[in-house]
Amino acid sequence: MQRALAALAFSTVLFTTGFCLAQPTPGALPATAMPSVITVPAGAQASDHFDPQVATDAYLATMPADARARSDAYFVGGYWMILWDFVYGVIVALLLLNLRWSARMRNLAERVTRFKPIHTLVYWAEYLVLTTILSFPLSVYEDYLREHKYGLATQTFGPWLGDQGKLLLVNMVMGGLLAMLLFGVVRRLQKTWWIWGAIVTELFLILAVLISPVYLQPIFNKITRLDDPKVTGPILTLARANGIPAKDVYEIDASRQTTRMSANVSGFANTMRITINDNLLRRGSPEEIEAVMGHEMGHYVLNHAYVGMGFFFIVAVAGFGFLRWSLGWALERWGEKWQIRDIGDTAVVPLVFLAGAMFFFVMTPVLNTFIRTQEHEADMYGLNASRQPDGMAQAAIHLGEYRKMSPGPLEEWLFYDHPSGRNRIYDAMRWKAENLRVTGAGQ
Ligand SMILES: [Zn+2]
C-alpha cells in the first residue's frame with residue numbers, strides 16, 4: 001500500500017514526468033541501447049502526402065527489434081511484480097497477525113510507554129523494521145537486481161542499501177506522524193473516524209508534497225540551480241509564454257540512482273519551480289527537452305495537482321470506508337485469536353495494510369486510468385505549447401527502452417499510467433499532419 005500511495009502521490013501531485021527514459025551508463029552501452037539522438041525518419045518528414053499512421057510506423061521502425069523485445073520483457077514482468085508484491089504483502093501481514101507478532105510488538109511498545117501517541121510511534125518503528133527485514137529479499141530483487149538486469153539502475157549495492165536506510169528513516173518519521181494522527185482520530189471518533197481519517201490523510205499528503213522538494217528530495221539527491229542560459233533560456237521562454245511564474249530552472253542528479261530521464265514543474269506562487277534531471281539534460285535533443293517541458297507545463301497550467309488531490313480524496317474516503325467495514329468484519333472473527341482488542345489498538349496495523357493492499361490491488365486500473373487521462377491531457381497541451389511533434393515522438397521512442405510500445409487496448413487500460421508509446425507518437429504525428437494543413441507547409 002505504501003508503494004501504491006507513493007505512486008499515486010508522486011504521479012498526480014508531484015507531476016513526475018511521463019518521459020522517464022533509460023540512459024545507459026557512459027562506456028557501458030548495452031547492445032540493445034537506443035541511439036541518443038533520434039533523427040526524423042523519412043516516413044515522418046513533412047511532405048504533401050504526410051500520413052500520421054505511416055509516420056508513426058516509421059518512428060516505431062527506428063527501434064531495433066532486440067531493444068523492443070527487451071523493453072517488452074521488462075514492462076510485462078512489471079505486471080507480474082504487481083501480483084507478487086500483493087501476494088508477498090498479504091503473506092507478511094498474515095504472518096504478523098497469526099503468529100501474534102503484532103500483538104507482541106504492541107505489548108513491547110506498551111512496556112516502553114503507556115502514553116498513547118508515543119506508544120503508537122514505538123509500535124510503528126517496530127513494525128517498519130520487521131516488515132522491512134521480511135520484505136528485503138523481494139526489494140533486492142525488484143528494486144536492485146531487476147533494475148540492473150535491464151540497465152536502468154546506476155548504483156552499486158552499498159549506495160543502494162544506504163538509500164534504503166534513509167528511506168526507512170523517512171518512513172519512520174513521516175509514517176509515524178501519520179499513524180499517531182490516525183490512531184488519535186480512531187480512538188476519539190469511534191463512529192466517524194473513517195471520514196476524518198480520509199481528511200487527515202489528504203491534509204498530510206498535501207503537507208508532504210509541499211515540503212518534499214525542500215526537505216525530502218535533498219536527502220537522496222543534490223538539487224542545484226542551473227546557470228547556463230543556453231539551457232535555461234528556451235525553457236523559461238516556454239514558461240513565460242504559458243503564464244508560468246518561474247524564474248529559475250533546477251537540476252537534480254537523478255543519475256545517482258537511475259538512467260531514466262524526467263522533469264517536473266511543482267509548487268505554486270513563490271515555491272514554484274521547474275526541475276529537470278541530469279539524464280534528460282545530457283541525453284535529450286533540444287527538441288525533445290522542449291517537448292518534455294511543454295508536457296510538464298501542461299500539468300501545471302491544467303491544475304493537475306489540484307484535480308489529483310480532489311480525486312485522491314474520493315479514493316481516500318472509499319478506502320477508509322472499505323477499511324471500516326473490513327476491519328470490523330475481520331476483528332469480529334479473528335480478533336481474539338490475533339489478540340487485537342479493537343480498531344484503536346496499534347496491533348491492528350498489519351490488518352490495515354492487508355485491507356489496504358486488497359483495495360489498491362483492485363483499484364490499480366482505476367488509478368492508472370485517472371493518471372493516464374491526465375498524462376494524455378498534458379501531452380496535448382505540450383504539443384501545442386512546444387510545437388515539437390518530432391521531439392515528442394523521439395521522447396516516446398526513448399521511453400520505449402523500458403515501457404512496452406504497442407500494447408493491446410485492454411492491456412493499456414489495465415496497466416498503463418501513461419499513454420503507450422505508439423499512441424503518443426500517433427498523437428504527435430496527427431498534430432503534425434493537421435498543422436501542416438494549417439500552415440500549408442510541404443505544399
Ligand atoms: Zn506527465
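Residues numbered from 1 in each chain as written. Predicted model: local features only at pLDDT ≥ 70, side-chain atom pairs only at ≥ 80, totals over all residues. Heavy atoms only, no water.

1. What to know about the overall build of the protein chain
Counting secondary structure elements, the protein chain contains 15 helices and four strands. In the protein chain, buried positions account for 52% of the 443 residues. Here the protein chain displays about 20400 Å² of accessible surface, and carbon together with sulfur accounts for 65% of that area. (Helix = DSSP H or I, 4+ residues; strand = E, 2+ residues; numbered from the N terminus. Buried < 20%, exposed > 50% of the residue type's maximum accessible area, 1.4 Å probe, protein only. Areas by Shrake-Rupley, 256 points an atom, 1.4 Å probe, with all protein chains shown as cover.)

2. Side note on the pattern of salt bridges
Going through the model one piece at a time under the given rule, you end up with 17 salt bridges. Between Arg225 and Asp248 there is a salt bridge whose closest N-O contact spans 3.0 Å. In this pair, Arg225 is assigned in strand S1 (residues 223-225) and Asp248 in the loop between helix H8 (229-241) and strand S2 (249-252), connecting sequence segments 23 residues apart. For Arg430, the salt bridge goes to Asp427, with nearest N and O atoms at 3.1 Å. Here Arg430 pairs with Asp427, and both are found in helix H15 (residues 421-439), just three residues apart, close to one helical turn. Judged by relative accessible area, which is 35%, Arg430 ranks as partly exposed. (Salt bridge = Lys/Arg side-chain N within 4 Å of Asp/Glu carboxyl O.)

3. So, the coordination of the zinc ion
In this structure, His295 (NE2), His299 (NE2) and Glu375 (OE) serve as the protein donors to the zinc ion, at separations of 1.9 to 2.1 Å. Among the residues examined, His295 registers a relative accessible area of 0% and is labelled buried. Here Glu375 falls in the buried class, since its relative accessible area comes to 1%. (Donors = N, O, S within 2.8 Å, 3.2 Å for Na, K, Ca; no water.)

4. Let's talk about the side chain of Thr131
Tracing the backbone through its elements, the reader meets Thr131 in helix H5 (residues 116-149). There is a polar contact of 2.8 Å between the side chain of Thr131 and the backbone oxygen of Tyr127. Each residue touching Thr131, except ones within four places of it in the same chain, is listed here: Val92 and Leu96. (Polar contact = N/O pair within 3.5 Å; in protein donor to acceptor, adjacent residues only side chain to side chain. Contact = heavy atoms within 4.5 Å.)

5. Topic: helix H3 (residues 65-98)
Between the first and last C-alpha of H3 there are 49 Å, a value that for 34 residues agrees with the 50 Å anticipated at 1.5 Å per step. Taken as a whole, H3 carries its principal kink of about 25° at Tyr79. Remark: Arg100 follows H3 within two positions and exhibits a positive phi of approximately 60°. (Expected span 1.5 Å × (residues − 1). Bend = angle between axes of the 7 residues up to and from the residue.)

6. Observations concerning the pairing of S2
Taken together, the three bridges between S1 and S2 define a ladder with antiparallel strand orientation. Counterpart to Ile223 in the pairing with S2 is Ile252. (Pairing = 2+ DSSP bridges.)

7. Here's the deal with the confidence of the model for the protein chain
The predicted model of the protein chain has a mean per-residue pLDDT of 89, with 90% of residues at 70 or higher. Every residue in residues 1-32 scores below 50 in pLDDT, and together they form 111 contacts with partners more than four places removed in sequence or on other chains. (pLDDT = per-residue confidence, 0-100.)

8. A few points about a nonpolar patch on the surface
Where nonpolar side chains cluster on the molecular surface, the patch consists of Trp80, Trp84, Val87, Ile91, Leu95, Leu99 and Trp101 and spans about 650 Å² of accessible area. With five residues, H3 is the largest single contributor of residues to the nonpolar patch. Within the element layout of this structure, Ile91 appears in helix H3. A relative accessible area of 47% means that Ile91 is categorised as partly exposed. (Patch = residues over 30% accessible without salt bridge, like charges linked within 9 Å, V, L, I, M, F, W, Y side chains within 5 Å.)

9. With respect to the packing of aromatic side chains
Applying the stated criterion to the full structure yields 21 aromatic pairs. With a centroid separation of 6.1 Å and 25° between ring planes, the pair formed by Phe322 and Phe359 is classed as stacked. One end of the pair, Phe322, is in helix H11 (residues 304-338); the other, Phe359, is in helix H12 (residues 349-386), and 37 residues separate them in sequence. The exposure class assigned to Phe359 is buried, which follows from its relative accessible area of 12%. With centroids separated by 5.6 Å and ring planes inclined at 75°, the aromatic side chains of Trp329 and Trp334 adopt a geometry described as edge-to-face. Each member of the aromatic cluster is reached from another via a ring pair, and the members are Phe322, Trp325, Trp329, Trp334, Trp338, Phe359 and Phe360. The ring of Tyr402 has Arg260 lying over it, and the distance from NZ or CZ to the ring centre is 4.5 Å. (Phe/Tyr/Trp six-rings, centres within 6.5 Å; stacked < 30°, edge-to-face > 60°. Lys NZ or Arg CZ within 6 Å of the ring centre and 35° of its normal.)

10. Notes on the sheet that holds S1
With mixed pairing, the four strands of this open sheet are ordered in space as S1-S2-S4-S3. With one partner strand each, in any of the chains shown, S1 and strand S3 (263-266) form the two edges of the open sheet. With strand direction ignored, the average angle separating the axes of adjacent strands in the sheet is 25°. Alignment of S2 against strand S4 (residues 273-277), held across four bridges, turns out to be parallel. Note that in S4 the partner of Glu251 across the bridge is Ile276. With respect to the sheet, helix H10 (residues 286-301) is in contact with S3 and S4, its orientation differing from that of S3 by roughly 30°. (Axes fitted to C-alpha atoms, helices over the stretch in contact; angles between N-to-C directions.)

11. With respect to the side chain of Lys432
Summarising the element assignment, Lys432 is placed in helix H15. Within the local environment of Lys432, its side chain forms a polar contact with the side chain of Asp390, the two groups lying 2.8 Å apart. Once you skip the residues sitting within four places of it in the chain, Lys432 turns out to touch Val40, Ala44, Gln45, Ala46, Phe50, Pro389 and Asp390.

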